[in-house]
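# Architecture and fold: a report
These are the residues of each chain, in order.
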Amino acid sequence: MNMVIFGATSAIAQAVARLYAKKGARFFLVARNDERLAIVAADLRARGAAQVETANADLADLSLHANLVARAQSALGALDRVLVAHGTLTNQRAAETGADVMAQEIGVNFLSAASLLTHVANVMELQRAGSIAVIGSVAGDRGRQSNYVYGSAKAGLGVFVQGLRHRMSRHGVNVTLVKPGFVDTPMTAGLAKAGPLWATPAKVAADIKAAMEGGAAILYTPWFWRWIMLIIRSVPDAVFRRTRL
Amino acid sequence: MDALHQRKDALSWGRAHHFTHHIAQPAFADELPTILKERGARPVLARGLGRSYGDSGLNADNVLIDMRALDHVRGFNPDTGVLDAEAGVTLKDILELCAQYEGRWFLPVTPGTKFVTLGGAIANDVHGKNHHGAGCFGNHVLSLRLMRSDGTVLTCSPDENTALFRATVGGMGLTGLILSARIALKSVPGLWVENEDIRYDTLDEFYALTNDSLEGWEYTVAWIDCLARGQATGRGIFSRSRHIASSRPAPPIRDPRIALPVNLPNIALNKITMAAFNALYIRRARRKPTRKAVPFDGAFYPLDAIGQFNRLYGRRGFYQYQCVIPTRVERDATRALLSEISQAGVGSFLAVLKTFGDKLSPGLMSFPMPGTTLALDFANAGASTLALLSRLDAITRAAGGRIYAAKDGRVSAADFQAGYPQWTDFARLIDPGFSSSFWRRVGAGAAA
Ligand SMILES: Cc1cc2nc3c(=O)[nH]c(=O)nc-3n(C[C@H](O)[C@H](O)[C@H](O)COP(=O)(O)OP(=O)(O)OC[C@H]3O[C@@H](n4cnc5c(N)ncnc54)[C@H](O)[C@@H]3O)c2cc1C
Ligand SMILES: NC(=O)c1ccc[n+]([C@@H]2O[C@H](COP(=O)([O-])OP(=O)(O)OC[C@H]3O[C@@H](n4cnc5c(N)ncnc54)[C@H](OP(=O)(O)O)[C@@H]3O)[C@@H](O)[C@H]2O)c1
């Protein structure tokens, strides 16, 4: 099994990679820090990966994407599994004070993923097999005052992935949109993590692997977020406006 | 600039201490120097999986560095069994690695839960049911990399920076951040174990069974009914096991099958439910040993089947008491501890009784000594609980024993220091930028 991971140093992505490493997968890992990539590569090798290649790229730079996908192909041959995991938890306040931060955040959380997926899809369409998972977020299900810049990027990504799934289904390629809830990773270091809503990266990773193998369209992980978000989406605007969510 | 976050959610396993911390959760070790600068004058402490029960893993109003994401394996040599891993790697990860390599290797020492980090296992120099043969976790650490508060990284081993190595093994996180360690796994015939459970009626029988088992059985422990009195004091189930070769497939390594999502109401656990549970549990076992081949997971980690079982004790949490009594007086003092507990009638479900062997750990502050160790939980009922635990301290101290820092959240400085006269040597090796709530209470600065 060959796997490409964009944002391979992400806590969630690493947890997914470990599950595939255990089965002897071959990897092409992309992230923006060489030292970190080397640490992750050694870890996956020790945990059973048959081969690990890495590439360093700032994924906000779209001009690098075509070459990255080509390199992944030449390192691995067929792309059986692709995981798009990179993202930044936007500082909402900073993204309100000027449009620069806003644009940058939408760039990395939406545009860069959409650009990578465009290149990946063209390869996999010809391959006529494989499975792609893209990490969105429950934050994309309803705009909220506390994080609507991040949320809108993930929402845009959600529709993009939905459309891509539609396109790729005729070509035998699965595309899954992953919507994690609260995951206890360094990304969420600023939040209090007590309570039953928090999940470990390992738990979320197991769900992601199952969805990639099973072909789910949308994965809420853990499962209960589907119902929580259903409720949050149905709260009438007049009520919603008065909350601090 | 913003690596530290003020949060109130870091609890220890006993859930009886509620503190505010400034928490950092680095993704990779390269973030540590910045975090150590950002702490300013506030002392730091590493945090693993939070399985210590009291306040030795807490650092009220100061900095905690959550080490869980620093969980990368750096290398594993399947021919020698030497594992090099970052401190946040869990014992569960290591067991999965063992399974991956056909079950030829195993943890040399493991505590009663696999949800513990490598850093936590070293910092408390944990022991397991095989202490009589294998010693402590620290006996199997070949070397470790330690980051001090000024950002320097030192390699410490039995022959390099020896004093700091000995202080760090069992050093309760106070000597610096353990970044990674090399440990020697032990070679085993397989991941199945042969297990025998034997019901016994008196404390003397416990010691007789122990003596009979030390040769042939790697792992021994007894679960005792701490409500039993008089002649029956110390009655329980003696359990012994050893690795065996098996043609069966490698057993699964399980996550909790069910979890307690919220604290149970305080009435869930009272004298009546406890007495009923204990009586049922003890009766389950036969007097005639039953020998079975079982997966190691259920045999070594029965409590791991229930996630967050610590919520059983309600909102006020609980204390665990664990002490060790030296061999010379072990029978009398253990009996005295057990009768104090049964008279109070507030001991938890089951207590654990086990003997330690005479293998010395390199750890300066390691808890085990040759003798008998007793461990059990007490729901936190406030002053009456603390008073009972102080009475137990008095028995332990008079017997020349000591309590286990990993489990403690309330011992007096005087009782702690009496048990660890070497504490003054240790205090000299502590990193000045590190501290814990526990250490401020029992160590330097605290009234002896
Ligand atoms: C169900 C259960 C059964 C247990 N059974 C046993 C047993 O049989 N034998 C036994 O000995 N213990 C036992 N314990 C206790 C447990 O093994 C120890 O408390 C262990 O240290 C917990 O590790 P942790 O990763 O959760 O660390 P924490 O509890 O988070 O921290 C423990 C200590 O390690 C330090 N530390 C953690 N990581 C680092 C690091 N990277 N660098 C420096 N210091 C660090 C912390 O500062 C703290 O002082 C048990 C606990 C439970 C909950
Ligand atoms: N944690 C949660 O609660 C949660 C909830 C919902 C959705 N998500 C989503 O899940 C995904 C993974 O997040 P995580 O929790 O695993 O957090 P994480 O560990 O912080 O991972 C984010 C990763 O994105 C990488 N990244 C950011 N910008 C990049 C860029 N320009 N170029 C290359 N890489 C870049 C980061 O690389 P560096 O290591 O170099 O910084 C980091 O590895 C993200 O898409 C996130 O939005 C997370």
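To be clear, the structure that these remarks concern was listed above.
Summary of the structure given here. For clarity, every value in this text was computed on a predicted model and none was experimentally measured.

## Description of the overall build of chain A
- The helix and strand inventory of chain A stands at nine helices and nine strands.
- Computed over its C-alpha atoms, the radius of gyration of chain A comes to 18 Å, within 12% of the 18 Å expected for a compact globule of 245 residues.
- Over its C-alpha atoms, taken along the principal directions, chain A stretches across nearly 55 × 35 × 35 Å.
- When each of the 245 residues of chain A is scored for burial, the buried share is 51%.
- Taking all contacts inside chain A whose residues are at least 6 apart in sequence as the whole, residues at least 24 apart take part in 73%.
- For chain A, the computed accessible surface area is about 10,600 Å², with 57% contributed by carbon and sulfur atoms.
- The average position of the 27 basic charges and that of the 16 acidic charges among the side chains of chain A differ by 8 Å.

## Focus on a nonpolar patch on the surface
- Together, F182(A), L191(A) and L197(A) line one region of the surface with nonpolar side chains, adding up to about 220 Å² of accessible area.
- With respect to the helices and strands, the residue F182(A) is situated in strand 7 (residues 182-183).

## Here we look at the pairing of strand 13 (residues 219-224) of chain B
All names here are of chain B.
- Along strand 13, six of the six residues are buried, which leaves the element largely enclosed by surrounding structure.
- Residues of strand 13 alternate between two faces, with Y219, V221 and W223 on one and T220, A222 and I224 on the opposite face, all of them buried.
- Alignment of strand 13 against strand 14 (residues 236-244), held across six bridges, turns out to be antiparallel. Looking at the pairing, A222 lines up with F238 of strand 14.

## Quick notes on the interface of chain B and chain A
- Contact residues are listed per partner, giving 24 residues for chain B and 25 residues for chain A.
- Across the interface of chain B and chain A, roughly 2,000 Å² is buried in total on both sides, 49% from carbon and sulfur atoms.
- Looking at the side of chain B facing chain A, the largest losses of area belong to Q25(B), F28(B) and Q100(B), adding up to 28% of the total buried there.
- Summed over the shared surface of chain B and chain A, the number is six salt bridges.
- The partner of R68(B) in a salt bridge is D184(A), with the nearest N and O atoms 2.9 Å apart.
- The interface formed by chain B and chain A includes 15 residue pairs in polar contact (both at pLDDT 80 or more).
- When residues of the side of chain B that touches chain A are traced back to their parent elements, those giving at least two are strand 1 (5-7), strand 5 (73-77) and helix 2 (91-100) of chain B.
- For the side of chain B that touches chain A, the element with the highest residue contribution is helix 2 of chain B, accounting for four residues.

Criteria and cut-off values
Residues numbered from 1 in each chain as written. Chains lettered and ligands numbered in written order. Predicted model: local features only at pLDDT ≥ 70, side-chain atom pairs only at ≥ 80, totals over all residues. Heavy atoms only, no water. Helix = DSSP H or I, 4+ residues; strand = E, 2+ residues; numbered from the N terminus. Rg over C-alpha atoms; globule rule 2.2 N^0.38 Å. Buried < 20%, exposed > 50% of the residue type's maximum accessible area, 1.4 Å probe, protein only. Contact = heavy atoms within 4.5 Å. Areas by Shrake-Rupley, 256 points an atom, 1.4 Å probe, with all protein chains shown as cover. Lys, Arg positive; Asp, Glu negative; His and termini not counted. Charge placed at Lys NZ, Arg CZ, Asp CG, Glu CD. Patch = residues over 30% accessible without salt bridge, like charges linked within 9 Å, V, L, I, M, F, W, Y side chains within 5 Å. Salt bridge = Lys/Arg side-chain N within 4 Å of Asp/Glu carboxyl O. Pairing = 2+ DSSP bridges. Buried area = accessible area lost by both parts, 1.4 Å probe. Polar contact = N/O pair within 3.5 Å; in protein donor to acceptor, adjacent residues only side chain to side chain.

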